[in-house]
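Secondary and tertiary structure notes
So the chains spell out like this:
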Amino acid sequence: MALKSLLLTPILLALSLLSVFALVQMAGGAPLLPWLGVLIASAPLPAFVSVLMVSKPAGRTSRNLPGLLFLTGLGLALTLIAAPGAGPAPALLAASASLAFLWYDFVYSDLGRTPSGVLRQGAPLPDFTVKDLDGQDVTRADFLGQRTLFLFFRGNWCPLCMAQIEELAARYRDLTEMGVQIALISPQPHTKTAELARKYDIDMRFLHDPDGRAALSLQIHAPDGTPSGLTLFGYARDTVLPTVIATETDGTILYLDQTDNYRVRPEPDTFLDIFRDGAPTATREAVA
């Protein structure tokens with residue numbers, strides 16, 4: 001995971017520069033078709049990540065991004081078709097861009113996750129300790145007596161995590177009418193969690209997991225899971241694997257989602273069905 005987090009930022013930068021280089025080549029009179037292929041092969045990934053970062057996406061994407069995969073392959077095909085008259089450079093660059101996209105789609109997005117050995121549907125949620133916004137300890141016992149939806153999220157830097165929280169906020173009233181409290185837990189710095197709490201004027205519990213100790217005890221810790229560069233903004237290198245846990249009033253786990261792909265998250269209606277029916281309609285206890 002450390003290598004993946006180190007590679008993402010430079011790969012995105014390289015693909016962005018390659019897209020600009022392809023545009024410059026076309027503007028300068030170079031053969032159109034091969035450099036158009038380079039542009040089509042290199043632009044989808046940085047464009048996709050940029051949209052995720054600056055917009056409010058849904059809390060999930062398709063698993064393998066087939067549309068972007070098609071575009072990248074199309075770009076490579078164009079350069080290969082035009083290769084005889086354009087030299088090897090465009091084809092080599094387009095092939096490199098295509099490999100970079102495949103790495104993101106099938107390697108980086110895969111969390112390489114082993115299911116937690118202490119979290120099991122139908123079993124009690126193990127004890128753990130986190131901090132509230134006032135710095136006070138909050139333990140598992142503090143959630144007993146009320147149904148709870150726990151969302152362990154990576155941090156404010158993760159666009160899919162923020163989209164998932166946005167979806168929960170939009171369905172907050174539906175959940176509270178069922179007697180459900182929402183607990184959002186992250187190992188990010190306390191100040192970042194406080195910033196997030198100020199954004200939402202609803203009674204969700206925003207909790208800080210210092211040094212990822214709760215994540216470690218629940219076996220959902222993600223060492224070196226934060227992309228390189230984000231440490232400059234105060235985020236630690238270690239984070240948590242995105243995890244959703246729904247518990248009954250006695251702390252029994254009704255539902256457990258341990259996604260193996262950071263872009264694939266459960267729909268909010270899944271949680272509503274769980275608490276409405278008292279049993280999950282679907283679960284992902286193990287890595288697919």
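The rules behind each value
Residues numbered from 1 in each chain as written. Predicted model: local features only at pLDDT ≥ 70, side-chain atom pairs only at ≥ 80, totals over all residues. Heavy atoms only, no water. Patch = residues over 30% accessible without salt bridge, like charges linked within 9 Å, V, L, I, M, F, W, Y side chains within 5 Å. Areas by Shrake-Rupley, 256 points an atom, 1.4 Å probe, with all protein chains shown as cover. Salt bridge = Lys/Arg side-chain N within 4 Å of Asp/Glu carboxyl O. Helix = DSSP H or I, 4+ residues; strand = E, 2+ residues; numbered from the N terminus. Phe/Tyr/Trp six-rings, centres within 6.5 Å; stacked < 30°, edge-to-face > 60°. Buried < 20%, exposed > 50% of the residue type's maximum accessible area, 1.4 Å probe, protein only. Contact = heavy atoms within 4.5 Å. Polar contact = N/O pair within 3.5 Å; in protein donor to acceptor, adjacent residues only side chain to side chain. Core = buried A, V, L, I, M, F, W, Y, C linked by side-chain atoms within 4.5 Å. Lys, Arg positive; Asp, Glu negative; His and termini not counted. 1 Å grid on protein atoms, 1.4 Å probe; cavity = no way out; pocket = protein on both sides within 12 Å on 5 of 7 lines; lining within 4 Å. Points joined across faces, edges and corners; volume = space filled by probe spheres on them. Nonpolar A, V, L, I, M, F, W, Y, C, P; charged D, E, K, R; others polar. Pairing = 2+ DSSP bridges. pLDDT = per-residue confidence, 0-100.

The next thing to look at is a nonpolar patch on the surface. Together, Leu-99, Leu-102, Phe-106 and Val-107 line one region of the surface with nonpolar side chains, adding up to about 350 Å² of accessible area. Relative to the helices and strands, Val-107 resides in helix H5 (residues 88-108).

Quick look at the environment of Pro-223 now. Relative to the assigned elements, Pro-223 resides in the loop between strand E6 (221-222) and strand E7 (239-240). Residues Pro-223 and His-208, 15 residues apart in the sequence, show an inter-C-alpha distance of 17 Å.

Taken as a whole and assessed by the stated rule, the structure comprises eleven aromatic pairs. Here the aromatic rings of Tyr-108 and Tyr-262 are separated by 5.8 Å at their centres, their planes lie at 80°, and the arrangement is edge-to-face. With Tyr-108 in helix H5 and Tyr-262 in the loop between strand E9 (253-257) and helix H10 (268-277), this residue pair connects regions lying 154 residues apart in the sequence. Grouping residues by exposure puts Tyr-108 and Tyr-262 together as buried. Taken together, a centroid distance of 5.9 Å and an interplanar angle of 80° make the contact between Phe-128 and Phe-150 edge-to-face. Residue Phe-128 is located in the loop between H5 and strand E1 (129-131), and its partner Phe-150 is located in strand E3 (residues 147-152); the two are separated by 22 residues in the primary sequence. The exposure class assigned to Phe-128 is buried, which follows from its relative accessible area of 3%.

This part takes up the environment of Arg-263. Mapping Arg-263 onto the fold places it in the loop between E9 and H10. Sequence separation between Arg-263 and Asn-156 is 107 residues, and the spatial gap between their C-alpha atoms is 15 Å. The residues contacting Arg-263, other than those within four sequence positions of it, are Phe-48, Arg-60, Thr-61, Ser-62, Arg-63, Leu-65, Tyr-104, Asp-105, Ser-109 and Leu-160. Engagement of the side chain of Arg-263 in a polar contact is seen with the backbone oxygen of Ser-62, the distance being 2.8 Å.

Formed by 59 residues in total, the largest nonpolar core has its most connected members in Tyr-104, Leu-149, Ile-165, Leu-175, Leu-184 and Met-204. Those residues in contact with Met-204 that lie beyond four places of it in its chain are Ile-165, Ala-169, Tyr-172, Ile-182 and Leu-184. Core analysis: the next-biggest nonpolar cluster, separate from the first, contains 19 residues, Phe-128, Ala-183, Ala-215 and Leu-256 among them.

Note that Arg-154 resides in the loop between E3 and helix H6 (159-170). No salt bridge is formed by the buried Arg-154. Its closest oppositely charged neighbour is Asp-110, at 11 Å. Setting aside chain neighbours within four positions, we find Arg-154 in contact with Cys-161, Ser-186, Pro-187, Gly-225, Thr-239, Val-240, Pro-242 and Tyr-262.

A separate point is the pattern of salt bridges. Applying the stated criterion across every chain, the model contains ten salt bridges. In this structure, the salt-bridge partner of Asp-137 is Lys-131, at a minimum N-O distance of 2.6 Å. Taking relative accessible area as the criterion, Asp-137 reaches 49% and is therefore assigned partly exposed. For the salt bridge of Asp-211 with Arg-213, the shortest nitrogen-to-oxygen distance reads 3.1 Å. The exposure class assigned to Asp-211 is exposed, which follows from its relative accessible area of 63%. Within the structure, one salt-bridge network assembled from shared partners comprises Arg-60, Glu-167 and Glu-267.

Let's shift gears to the layout of surface pockets. To find the voids left in a structure, one rolls a probe of water-molecule size over its atoms. Roughly 360 Å³ of volume is contained in the largest pocket. Those elements giving two or more residues to the lining of the largest pocket turn out to be helix H1 (2-27), helix H3 (44-54) and H5. The residue makeup of the lining of the largest pocket, split by class, is 13 nonpolar, three polar and one charged.

Our next topic: the pairing of E3. Where burial is concerned, most of E3 is hidden: six out of the six residues are buried. Sheet analysis places E3 next to strand E4 (residues 180-186), joined by six bridges and oriented parallel. Looking at the pairing, Phe-150 lines up with Ala-183 of E4.

Next up on the list: the confidence of the model for the chain. Of the residues in the chain, 95% reach a pLDDT of 70 or more, and the chain-wide mean stands at 91. Within the model, the stretch residues 280-288 combines pLDDT values under 50 with 27 contacts to residues more than four positions away or in other chains.

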